[in-house]
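Close look at the chain arrangement
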Number of protein chains: 2
Amino acid sequence: MTKLPLDKPLSISYNATGCNDQERMMMAKTVQTIEDIARLANVSKSTVSRALNDSPLINQETRERIQSLAREYNFRINAPARNLSMRQSHTLGFVSYACSGKNFSAENMFGLELLGGVSDGLRPLGYDLLVVPVEPHDTTWAHQYLNSGRVDGFVLTISTRKQKMINELVNMGIPFILWGFPQPNSSFCTVCGDDVTGGRIATEYLIRTGRQHIGFLGGPMDEIEVKYRHHGYELALQNAGRYLDPDLVVYGDYSHTSGITAMKRLLEQKPDLDAVFVNSDVMALGAIQYIQSCGKRVPEDIAVVGYDDLLLARYNNLPITTIRQNIPLAGKLLAENLIQYIQTGVVTNVNLPVELVIRKTA
Amino acid sequence: MTKLPLDKPLSISYNATGCNDQERMMMAKTVQTIEDIARLANVSKSTVSRALNDSPLINQETRERIQSLAREYNFRINAPARNLSMRQSHTLGFVSYACSGKNFSAENMFGLELLGGVSDGLRPLGYDLLVVPVEPHDTTWAHQYLNSGRVDGFVLTISTRKQKMINELVNMGIPFILWGFPQPNSSFCTVCGDDVTGGRIATEYLIRTGRQHIGFLGGPMDEIEVKYRHHGYELALQNAGRYLDPDLVVYGDYSHTSGITAMKRLLEQKPDLDAVFVNSDVMALGAIQYIQSCGKRVPEDIAVVGYDDLLLARYNNLPITTIRQNIPLAGKLLAENLIQYIQTGVVTNVNLPVELVIRKTA
DNA sequence: CCTTATACTGCAACCGGTTGCACGCCGGCA
DNA sequence: TGCCGGCGTGCAACCGGTTGCAGTATAAGG
């Protein structure tokens, strides 16, 4: 094969490969490697590789010719080969507990929407998302997936971010990003919502709309984000000169059931309650259910503000007034910032603004 | 390096590598390839490869020695290298729509639980699960993921199994498995539930417990599984000598909202309704909510039987009587049978038994 | 004792990319 | 005319596994 003079038009270059349209159709199915493209373009496979990666080393005409050839023949680069060669997988792992019930259920709806958000955020970056099932007390999964070159890093969300596990990951130098708050001592990437503000604006809205006895129905008491939301709740009350009544504060575990039971407790403690700020939409659904089962009306008798703005808050029969967490953006940032960390080592800690979405329950 | 005589005890073989415990600790971090293991074991890397893959070619002692070395040094085989060499990715793709709201929301809870089931089912098989986001009208994703060697095949569930897409996959010869029913003409792998029986036993139970006017609240009218469930419903009624009242039949779209609106329609058409068989737990939740909002009691005034037995049916405040689909088993079979198809070309069509779970709503 | 079968093991090619380095060709300048 | 530098390209090694085939040692059989 002789090399083509570069000053010839592209169409002639094509024909110079010595195959007509029909033959090309036949080959379409067999063009699988950059070497095939190289043969078609009369160049070496290094040139093809560089051209497809937009390397500045390559002459522009050559690059375009090769790229259009690749397009024409529907060439897909071989991921394992590239990953092997480059020693990175271009894949992130989404950590979830192995016994799927814990994660893949309505109780973890926020985590699942976040999964969708991360998946969407990853697409434009050319990365893939792998589901990484983890045994609760196993500590080897990280090395297992990392050292085998299956993923370049991990995304941890609510259900899998126990303190102990995070510390271990940090100690082992595993690249990961966390949905949640950063820690003072150790440095790792995080994305979280502005929970203080969330708690504050929810409560302020209830105050502003004339509610007198505003309850706080929290998530797990030991979670930082819950503490922050509670802090925001107190701030709003204090600013309004209200008394902080401990009987107005109860905690659940984010589940629908706990929304019901916690609401029951709250109403027993404070029968004159006329509003409640609930730490998740799923719990809010439970709370509303309980309130209605008592013969009270939402929002007339008791106003309810949820948290997260899940889709089910929007499409519920009685659409929920709630604090929106920007889940698509959160997913995008989890994806982008983890990849940035992997590539550059830059640690980012993002705090996302939240916003009050007024619907029908308050 | 001289080869070790095989009749020497294992412990000596270890020492023969000429490194003490401390050195071995040091190396622990650098043992990344089978070549490293080969050096340690004084064998060639082919032998290590075969030993780790339990090849019968390898002497049992040698194999055990190598395997324990691998364990000791915490060796993880390099996935890209193996995938490249074997020309398979050992990874399955779970197809979901790209704009995540469509999939990763409570409306698609069954699909999400199935995702968890597939993930769990895949683990013991040594396969990974990749999230494959698909643009609704894109037809190139399959080749994109397959030809790039990122996945060996696909799992399709409810939200992504439009007829057109399936036909295209079949025509292109893409390996996939479907949650749903097989088609008479084309042959591909499927796993589905026994919807006729499901519809029948739900209805029979309502008849047996003395209900007189039993409604059918279906999923989308054009879905085969819905037709089967309706067929089962009719069978039960006919067997009991009941009249088939078309006013007792309404349809929704599996969503919570549609459960509410369809229930409303049903009660308007048949105010004396005293039971309803609903095609999904999520819709059942909506139906129950509407019934209660009318001041009627569940199950005293109106009995409700759901479908799927999602976790939320179990943990709901008023646990739902429902038709259990064995989701963990479904996931396991989707995983196993797709892999079997990929490896052997055997097409399987499984119909899973369903079962009535009696709780509080009927 | 020699032949041949058997049981292991090693060599080397291969999977399909990436990339450091060498090389050829060109124009510009002395 | 000769030398130099830069641009564009190709060669070949490498990433870390798998596997066909050849080779060796040992045992079995004649």
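In this report, the structure presented in the accompanying data block is examined. Given the structure is predicted, the values throughout are model-derived calculations rather than measurements. The written sequence of each chain sets the order in which its residues are numbered from 1. A letter from A marks each chain and a number from 1 marks each ligand, given out in the order of writing. For this predicted model, a pLDDT threshold of at least 70 governs which residues receive local features, and a threshold of 80 or more governs which side-chain atom pairs are given and counted, while totals over whole chains, interfaces and linings are taken from all residues. For the side-chain quantities, the full set of heavy atoms in the structure was used; hydrogens and water were omitted.

Summing up its helical and strand segments, chain A has 15 helices and 12 strands in all. Throughout, radius of gyration means the C-alpha value; the globule benchmark is 2.2 Å times the number of residues raised to the power 0.38. The C-alpha radius of gyration of chain A comes to 27 Å, more than 25% above the 21 Å expected for a compact globule of 362 residues. The dimensions of chain A, computed from C-alpha atoms along their principal axes, are 90 × 40 × 35 Å. Throughout this description, buried means an accessible area under 20% of the type-specific maximum (1.4 Å probe, protein chains only), exposed means over 50%, and partly exposed covers the range between. Out of the 362 residues in chain A, the part that is buried amounts to 54%. A 1.4 Å probe and the Shrake-Rupley method give the accessible areas. Residues count as covered only by the protein chains that appear here. Accessible surface, chain A as shown: approximately 15800 Å² in total, 52% of it carbon and sulfur. The convention is simple: Lys and Arg are positive, Asp and Glu are negative, and His and the chain ends are not counted. Charged groups are reduced to one reference atom each: NZ for lysine, CZ for arginine, CG for aspartic acid, CD for glutamic acid. Charged side chains in chain A number 35 positive and 37 negative. The centres of these two groups are separated by 4 Å. Each helix is a run of DSSP H or I of at least 4 residues and each strand a run of E of at least 2, with the numbering of both proceeding from the N terminus.

Time to look at the protein's contact with DNA strand C. Residues in contact with DNA strand C amount to 31 residues; listed here are only the nearest, I34, S49, R50 and S85 of chain A together with T47 of chain B. Put simply, 58% of the atoms of DNA strand C that lie within 4 Å of the protein are in sugar or phosphate. As used in this structure description, the phrase polar contact means that two N or O atoms lie within 3.5 Å; if the pair is within protein, one of them must be able to donate a hydrogen and the other to accept it, and residues adjacent in sequence are counted only when both atoms belong to side chains. Between a phosphate oxygen of DNA strand C and a main-chain N or O atom of I34 of chain A, the distance comes to 2.7 Å. Residues are grouped as follows: Ala, Val, Leu, Ile, Met, Phe, Trp, Tyr, Cys and Pro are nonpolar; Asp, Glu, Lys and Arg are charged; all remaining types, including Gly, are polar. A breakdown of the residues in the surface near DNA strand C according to their chemical character gives 11 nonpolar, 14 polar and six charged. Nearness of a residue to a molecule or strand requires only that one of the residue's heavy atoms be within 4 Å of it.

Before going further, it helps to examine the interface of chain A and chain B. Contacts were defined at the residue level, with two residues in contact if any of their heavy atoms lie within 4.5 Å. Listed as interface residues are 50 residues of chain A and, on the opposing side, 49 residues of chain B. Here's the idea: put two parts together, see how much 1.4 Å probe accessible area each one loses, and the total over both is what we call buried area. At the boundary of chain A with chain B, total buried surface from both sides reaches about 4200 Å², with 57% on carbon and sulfur atoms. On the chain A side of the interface with chain B, the three residues burying the most area are R76, F104 and R123 of chain A, jointly 14% of the side's total. A pair is scored as a salt bridge if a Lys or Arg side-chain nitrogen falls within 4 Å of a carboxyl oxygen belonging to Asp or Glu. Summed over the shared surface of chain A and chain B, the number is four salt bridges. At the surface where chain A touches chain B, the tally comes to 12 residue pairs in polar contact (both at pLDDT 80 or more). Within the residue set of the side of chain A that touches chain B, elements represented by two or more residues are α6 (79-86), α7 (109-122), β2 (128-134), α8 (141-147), α12 (256-269) and α14 (311-315) of chain A. Of the residues forming the side of chain A that touches chain B, the biggest block, eight residues, is contributed by α7 of chain A. Strands pair, by our definition, only if DSSP identifies at least two bridges between them. Note: β2 of chain A against strand β2 (residues 128-134) of chain B, three bridges, orientation antiparallel. What sits directly across from L130 of chain A, in β2 of chain B, is L130 of chain B.

A word on the protein's contact with DNA strand D. In the region of DNA strand D, 31 residues are neighbours, and T47 of chain A together with I34, S49, R50 and S85 of chain B sit closest. Near-protein atoms of DNA strand D (within 4 Å) split between backbone and bases, with sugar and phosphate holding 57%. The separation between a phosphate oxygen of DNA strand D and a polar main-chain atom of Q32 of chain B is 3.2 Å. Within the contact set of DNA strand D, a sugar or linking oxygen lies 2.7 Å away from a side-chain nitrogen or oxygen of S85 of chain B. Looking at the surface near DNA strand D, the elements with two or more residues in it are α4 (45-52) and α6 of chain A together with α4 (45-52) and α6 (79-86) of chain B. With five residues, the top contributor of residues to the surface near DNA strand D is α6 of chain B. Looking at the surface near DNA strand D, its residues break down into 11 nonpolar, 14 polar and six charged.

Interpretation note: all reported values are geometric properties and have no functional meaning in isolation.
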